[in-house]
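So you can see what is in the structure, the chains are spelled out below.
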Amino acid sequence: MVMVLLMMILIMGIFGWIMYAYFESMYSSKLLKINSDVTYQLADSITTQIDSIRDAQESFSVNTTVNRFLSTDSEYEKLTLLPLYESLQQAYKKMRPGLHSIVLKKKDGSIFSDPGGISEINISHTAPAFAKLESGAQSVLIVNGSKAFIAMKQDVYQSGGIRKKVGSCMFVILADSLMSGLKVQDAASRELFVIDSDLRVIAHNSDADVGAKLPETYASYLEGYNGTTQQLTGSAHIVVLERIPALGWTVMCLTPKSTVFSELSVIKYTSYLLLISMLLVVSIVYLMQELSISRAFKRFIAHINAIAGGQQVQPLKLRDSAEFHQMAEAFNRMMRKLEALNAHNLEYHEKILLQDIENKQSQLLALQSQINPHFLYNTLECINSAGAVCGSREVEEMSTALAFIFRYAIKGENIVRLQDELDTLQYYLNIQQIRFPDRFSVCYDIPDSLRERRMLKFLLQPIVENSIQHGFQECTPPCVIRIQVSETDGKLRVVIADNGTGILPDTLQALQERLENHKLSTDSIGLMNIQRRIRLYYGEAFGLHVESEYGKGTTITALLPATDSPAHEEQQNV
């Protein structure tokens, strides 16, 4: 255990050193990423505002009042247009709060200053600015004291079909209005400069002189700058450069390396302290975990020994760790499955025993009833003969049908053909139609290919008997019984439907519950007896299902396995 702890200490020491180097690299990368985001956001903000000003300036240049003001040579018309022009200027200034002045220059070179402008910008500023802008500059920096202004030009063309230049308009914008995200940056952690193409400072997040040249130390980072986003690591700074193409400006972000490594030193010593604390905690946790694992194994072994000794035990609970808890849950699931398997085996053997008892009882009843059925059969033959001699057709047909049913009943086989069941059912129906002439009719929908299918004896007759005795008892003719047989996925579906009075909802629910709990109805006959016989011979997947709507009729569906083998009964019993 001591060797393990020493190995852990060595590994954690190496890990701490690697983590410090990694953290140093990641911190520098993260800081560079933050600086890049700040620089990009500032450049993007300025670009967005410049685009908005360009749109406003273009809109201003095509205004009819501006066009007429620059086109006319009439002093009277100028005086007439002056109020409209001043109102237009005020509207644009309200729309753009950073817009300081709007200056017009006619084609002949005369400059019309902003009548509502402030005296900070005058002809001495605007004339040189127009000259630089007309020579191809995208923007011009105007410095007046501690304030910086940005001048941008837009040509004005005569309205109408002929595109003829009549002058220019110049928007003068206060530089600070474009630098909304600059002053919030802490200059101690990073310095932000906005410089023009002549490396003059337009704005800074501290108190640098506006219009002054960028310090030589910082200007060296711009050597070889190609105008795209760049990230540089110099000897003293981490630098990010971002271009503003709309104005030809550059945003520069500089972070002193001394700031980075001074913060890392604090982190370094903090990491060492945390490493020592972690070593102590890991050692204590390791010892506690070792004891916990030992206790858990002892409880697990004791639980297994108790089960092996035949004792009744509660489910195993091991909460010492997530792994032991999962192991205990898996062991409990295994024990539950074993118990379920044992219960299934007991149920299976019980079912086999019940089937044996049923067979023995059937054999005993067959032996006990051999004398009476034979006697009744012979007696019915005599009645049949007497009916034929006396000319009573009803007596002859009823005795013949009853004799066939008795003969069918005393046969020893339990599994018969579907056709045998239908023949026996027809004899039964003959007797009922003699008793109740013209009261009901029977319709069959049975494919010939299914008539050789095997099924339990006396499944159809009790269901049909229920329809006649109960379904049609209070029903007004015509009463119809429909018998349909189909086969799907190896299962034989026998449907017997009537249009009788149906079953009340409460009675139907009680009947369905009794069918599902057929094992409780061991002495019942009719539907309960049929359900119990089907489940015993074929299993729980087969049986009866009852559907009924009071006043409209009842449908009983018997689901059986589809087989032609006469030995199916023996296979089920095995």
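Look a little higher up for the structure.
Only a predicted model underlies this, so the values are computations on that prediction, with no experimental measurement involved. (Residues numbered from 1 in each chain as written. Predicted model: local features only at pLDDT ≥ 70, side-chain atom pairs only at ≥ 80, totals over all residues. Heavy atoms only, no water.)

> Go over the packing of aromatic side chains, please, and point to the residues and values.
Within this structure, the stated rule accounts for ten aromatic pairs. Summarising the aromatic geometry, the rings of phenylalanine 60 and tyrosine 92 are spaced 5.2 Å apart at their centres and angled 85° between planes, so their arrangement reads as edge-to-face. In this pair, phenylalanine 60 sits in helix α1 (residues 2-61) while tyrosine 92 sits in helix α3 (residues 75-95), placing the two residues 32 residues apart along the sequence. Phenylalanine 60 sits in the buried class, given a relative accessible area of 0%. Here phenylalanine 69 and phenylalanine 112 contribute two aromatic rings whose centre-to-centre distance is 4.8 Å and whose plane-to-plane angle is 65°, an arrangement assigned as edge-to-face. (Phe/Tyr/Trp six-rings, centres within 6.5 Å; stacked < 30°, edge-to-face > 60°. Helix = DSSP H or I, 4+ residues; strand = E, 2+ residues; numbered from the N terminus. Buried < 20%, exposed > 50% of the residue type's maximum accessible area, 1.4 Å probe, protein only.)

> I'd love a proper account of the pattern of salt bridges, names of residues and values included.
Summed over the entire model, instances satisfying the criterion amount to 14 salt bridges. Among the salt bridges present, the one from glutamate 452 reaches arginine 417, with a minimum N-O distance of 2.9 Å. One end of the pair, glutamate 452, is in the loop between β12 (440-445) and β13 (454-456); the other, arginine 417, is in strand β11 (residues 415-417), with 35 residues separating them in the sequence. The network of salt bridges with common partners includes Lys153, Asp155 and Lys165. (Salt bridge = Lys/Arg side-chain N within 4 Å of Asp/Glu carboxyl O.)

> Please give an account of helix α13 (residues 527-538) that cites residues and values.
The first and last C-alpha atoms of α13 sit 16 Å apart over twelve residues, in line with the 16 Å expected at 1.5 Å per residue. With eleven of its twelve residues buried, α13 lies for the most part within the structure. All buried positions along α13 are accounted for by Leu527, Met528, Ile530, Gln531, Arg532, Arg533, Ile534, Arg535, Leu536, Tyr537 and Tyr538. (Expected span 1.5 Å × (residues − 1).)

> Run through the packing of helix α2 (residues 64-71) against α3, naming residues and quoting values.
A pair of packed helices can be characterised by two numbers: the angle between their axes and the separation between those axes. Their axes nearest at 10 Å, the elements α2 and α3 cross at an angle of 145°. Pair α2 / α3 crosses with left-handed handedness. Taken together, the residues of α3 that come into contact with α2 (itself represented by Thr65, Val66, Arg68 and Phe69) are Glu77, Lys78, Leu81, Leu82, Leu84, Tyr85 and Leu88. (Axes fitted to C-alpha atoms, helices over the stretch in contact; angles between N-to-C directions. Left-handed = near helix turned anticlockwise from the far one by under 90°. Contact = heavy atoms within 4.5 Å.)

> Got a sec to walk through the sheet that holds strand β3 (residues 140-144)? Specific residues and values, please.
The five strands lie next to each other as β2-β1-β5-β4-β3, forming an open sheet whose pairing is antiparallel. Taken across any chain shown, the strands that pair with only one partner, and hence form the sheet edges, are β2 (111-112) and β3. Here strand β1 (residues 99-106) pairs with β2 via two bridges, running antiparallel. When the sheet's bridge partners are listed, lysine 105 is paired in β2 with isoleucine 111. (Pairing = 2+ DSSP bridges.)

So, to be careful, I would describe these as geometric facts and stop short of saying anything about function.
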